[in-house]
Amino acid sequence: MSVTKQLYNAYINNEPLKRGVIGITNLEEAYDVQDEVLDMKIENGEEMKGYKISLTSKETQDLFKSEQPLYGGMTDRTIMDSISLGDFNIPLLEMELVFIVDEIVFPEDNEEDILRKCRVAPGAEVPDGRYEDWFPNVDLYEVVADGAVNGAVIFGKPQKFEYEDLDDIKGTLAFNGEVIKEGRSTEVLGHPATAVKWLAKALSERSRTLNAGLFVSAGTFNIPVELKTGKYTVEYENVGKLEFEVSE
């Protein structure tokens, strides 16, 4: 069975693969497999809706021995209002701002252009890998082939912001009313709009575009935490608050 089919079956059936079985040894091949898996999802009725950006801080890059961020395509199946743990393998949780693209973003656009073309929402991203005991044990190529280990994205109402509104702001993550993590937007390539700029360039190198109507989960403010049942609140300075429930 092809690597693509193995990853797709693991995704559909929520039956994780053993680490090391896919045998990919370079980034180009890993992105090719990611594209093929995404094509299979679309062929089977899902709709392409956006991207997540991973490894936007040195700390997360060091975890996976990478010198650059990664991206993964996400479908309508991944956009959620609430979370059930049973739908996932080993889900984690990250604080991420979500950009809603209202006008095509080009690689040459600067951060101010991007914020003019996008709205931004308070959000959270649920990384989840299609491998056994995946975090932080999988390698870089397994992460990329698996759509940058995307699981789900949750976000609130998007609004227009200026560059300064998102510059070095604090994010706070609370679980059942108790703060468990804090982070800053500087962890996201220095500024979340810079991460979106990186994505537009990375997509262009694979003959893709960051089109209107897509979302971008721009990168985490924090090292991911284990996702548990309960109530989560994510709050960002200048941007707003998001609340959601996680059930069994």
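Everything that follows concerns the structure shown earlier in this document.
One numbering rule holds for all chains: residues counted from 1, following each sequence as written. This being a predicted model, a pLDDT of at least 70 is required before a residue's local features are given, and a value of 80 or more before pairs of side-chain atoms are given or counted; all residues contribute to the totals for chains, interfaces and linings. As a convention, hydrogens and water are excluded, and side-chain values are obtained from all of the structure's heavy atoms.

Caption draft 1: Fine view of the pairing of strand β7 (residues 170-175). When you tally the buried positions in β7, you get five out of six residues, the bulk of the element. Between any two strands, at least two bridges found by DSSP are needed for them to pair. We count a stretch as a helix when DSSP gives it H or I for four or more residues in a row; a strand needs E for two or more, and each element gets its number in order from the N terminus. Looking at chain direction, β7 and strand β8 (residues 178-184) are connected through six bridges and run antiparallel. Bridging across to β8, A174 finds its partner in V179. Where β7 folds back on β8, the antiparallel hairpin that results is connected by two residues, among which N176 adopts a positive phi of roughly 50 degrees. In the sheet, β7 pairs with strand β11 (residues 230-236) via five bridges, with the strands oriented antiparallel. Across the sheet, the residue bridging to G171 is Y236, located in β11. The rule is simple: take the accessible area with a 1.4 Å probe, protein chains only, and divide by the maximum for that residue type; under 20% is buried, over 50% is exposed, in between is partly exposed.

Caption draft 2: Highlighting helix α2 (residues 27-43). Taking 1.5 Å of rise per residue, the 17 residues of α2 would be expected to cover 24 Å, and the 24 Å separating its terminal C-alpha atoms lies within 8% of that figure. Burial in α2 covers these residues: A30, Y31, V33, Q34, D35, V37, L38, M40 and K41. At its buried positions, α2 is contacted by α1 (3-13), β1 (48-54), β2 (70-75) and α5 (140-145). N-capping of α2 is provided by N26, with a side-chain oxygen placed 3.2 Å from the backbone N of E28. Taken from the residues just after α2, G45 is the one with a positive phi, measuring 105 degrees. Each residue after the first adds 1.5 Å to the expected span of a helix. Residue contacts are counted whenever heavy atoms from the two residues lie within 4.5 Å of one another. N or O atoms closer than or at 3.5 Å make up a polar contact, with two conditions inside protein: a donor-capable atom paired with an acceptor-capable one, and, for residues adjacent in sequence, both atoms drawn from side chains.

Caption draft 3: Structural context of the side chain of S66. Looking at the secondary structure, you find S66 in the loop between α3 (58-63) and β2. Under the relative-accessibility criterion, S66 is labelled buried at 9%. Here Q68 takes part through its backbone oxygen, which lies 2.7 Å from a polar atom of the side chain of S66. For S66, the contacting residues outside a window of four places in its chain are L55, Q61 and L140.

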